[in-house]
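One letter stands for each residue in the lines below.
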Amino acid sequence: MTAKLKNNMHREKILFLLVAIIMGNSLMTAALDPTIITTDEPGLNNPEPTEQSFLPQKPVLQPKETVPVTGNYVVNNTAGKPCIKVSMGVEYIVIEKKKASYFNLDPTTTLATGRCGEKEAVLSLAIVGEGGYLNLTFEKEGNLSYVSKVNANLAPGKGNKNYPGVIEHEKLFPTAAGRSFKCNSQTKFHLAENLRVKLVPLQFQAFKLTNGKFGEEVECWADFNKRIIPIIIGATAVALLLIAVLTFLIIWNRRRAGYDRI
């Protein structure tokens, strides 16, 4: 092998080593440079969420009243079939120093549980983070079912004060088996001196549900009155108008008969 050929091979080896060194440095720089990597996975650029960031917020009382969001809640029995179905919006009203404050239950932060029995069933709604709860107890007597107990508690974020309340031994909203109770008007419970709970709108059915759907509706008295009172007023106005017209015609006919005799 000539000296010239050996020199060329030596140069090629040196060039190859230089290229390898340069490429190796570039890869190492890219691996160490954090500005090159972008990802949404925790543990790289984004720090892993701490446990504190997931802590639920306590209820915050509001000075003004707003319409609550309607939530749909179902309790299933051991066979996986619904024994309670409720659709309602829930508003807590707290009275302190004769001043009312309000909190609306958010269905997205509410845990619905309960139990199903042959003659008693319970729907329990819990605000996550021990912010409060609302329990509805249903009882069955023969062909009728009704709400026998309503108990609730609200634990607002400021301070450690709780607002519990209960009404029991009642027979509220009696409904025949297979039918649902519905009320678009507000339904308010006075559970304690400083706690009210308002349900609006409200529809529920307990014990017997066909295919998990609400049965024929039983209208509440408030809705019935709102619907029937305008009809009664209208009918009364028409009746009074007819009486006035008939009275006028009778008087006019009598006067005309008197003129004819003269």
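Computed from a prediction, not measured in an experiment: that's the story for all the values here.

**Q** What exactly am I supposed to notice about the state of the cysteines here?
**A** Disulfides are covalent bonds that connect the sulfur atoms of two cysteines. Within this structure, the stated rule accounts for 2 disulfides. Two residues share a disulfide in this structure: C83 and C116, whose sulfurs sit 1.8 Å from each other. Residues C83 and C116 are joined by a disulfide whose S-S torsion is about -75°; by sign, that bridge is left-handed. Here C83 is found in strand β2 (residues 82–96), whereas its partner C116 is found in strand β4 (residues 110–116), with 33 residues between them in sequence. By relative accessible area, C83 is classed as buried at 5%. Here the bonded cysteines of the chain are numbered in sequence order, and their pairing is 1-2, 3-4.

**Q** Can you help me understand unusual backbone geometry in this one?
**A** If a residue is not glycine, its phi is most likely negative; likewise, a peptide bond is most likely trans. Backbone torsion omega between V200 and P201 reads -15°, so that peptide bond is classified as cis. At K97, a position not held by glycine, the phi torsion is positive, near 55°. The exposure class assigned to K97 is exposed, which follows from its relative accessible area of 82%. Within the chain, K98 stands out as a residue other than glycine whose phi angle is a positive 65°. Within the secondary structure, K98 sits in the loop between β2 and β3 (99–104).

**Q** When you look at a nonpolar patch on the surface in this model, what are you seeing that I'm missing?
**A** On the surface, a nonpolar cluster with roughly 620 Å² of combined accessible area is contributed by L241, V245, L246, F248, L249 and W252. In this structure, F248 sits in helix α2 (residues 221–261).

**Q** I keep staring at the confidence of the model for the chain and nothing clicks. Help me out?
**A** Detailed reading of the predicted model is not advised wherever pLDDT is low. Per-residue pLDDT for the chain has a mean of 80; in total, 74% of the residues score no lower than 70. Here residues 1–7 scores under 50 on pLDDT; set against residues more than four positions off or in separate chains, the count is 2 contacts. With pLDDT under 50 throughout, residues 25–54 is counted as low confidence; its partners more than four residues away or in other chains account for 13 contacts.

Each value, and the rule that gives it
Residues numbered from 1 in each chain as written. Predicted model: local features only at pLDDT ≥ 70, side-chain atom pairs only at ≥ 80, totals over all residues. Heavy atoms only, no water. Disulfide = S-S within 2.5 Å. Helix = DSSP H or I, 4+ residues; strand = E, 2+ residues; numbered from the N terminus. Buried < 20%, exposed > 50% of the residue type's maximum accessible area, 1.4 Å probe, protein only. Patch = residues over 30% accessible without salt bridge, like charges linked within 9 Å, V, L, I, M, F, W, Y side chains within 5 Å. Areas by Shrake-Rupley, 256 points an atom, 1.4 Å probe, with all protein chains shown as cover. Salt bridge = Lys/Arg side-chain N within 4 Å of Asp/Glu carboxyl O. pLDDT = per-residue confidence, 0-100. Contact = heavy atoms within 4.5 Å.

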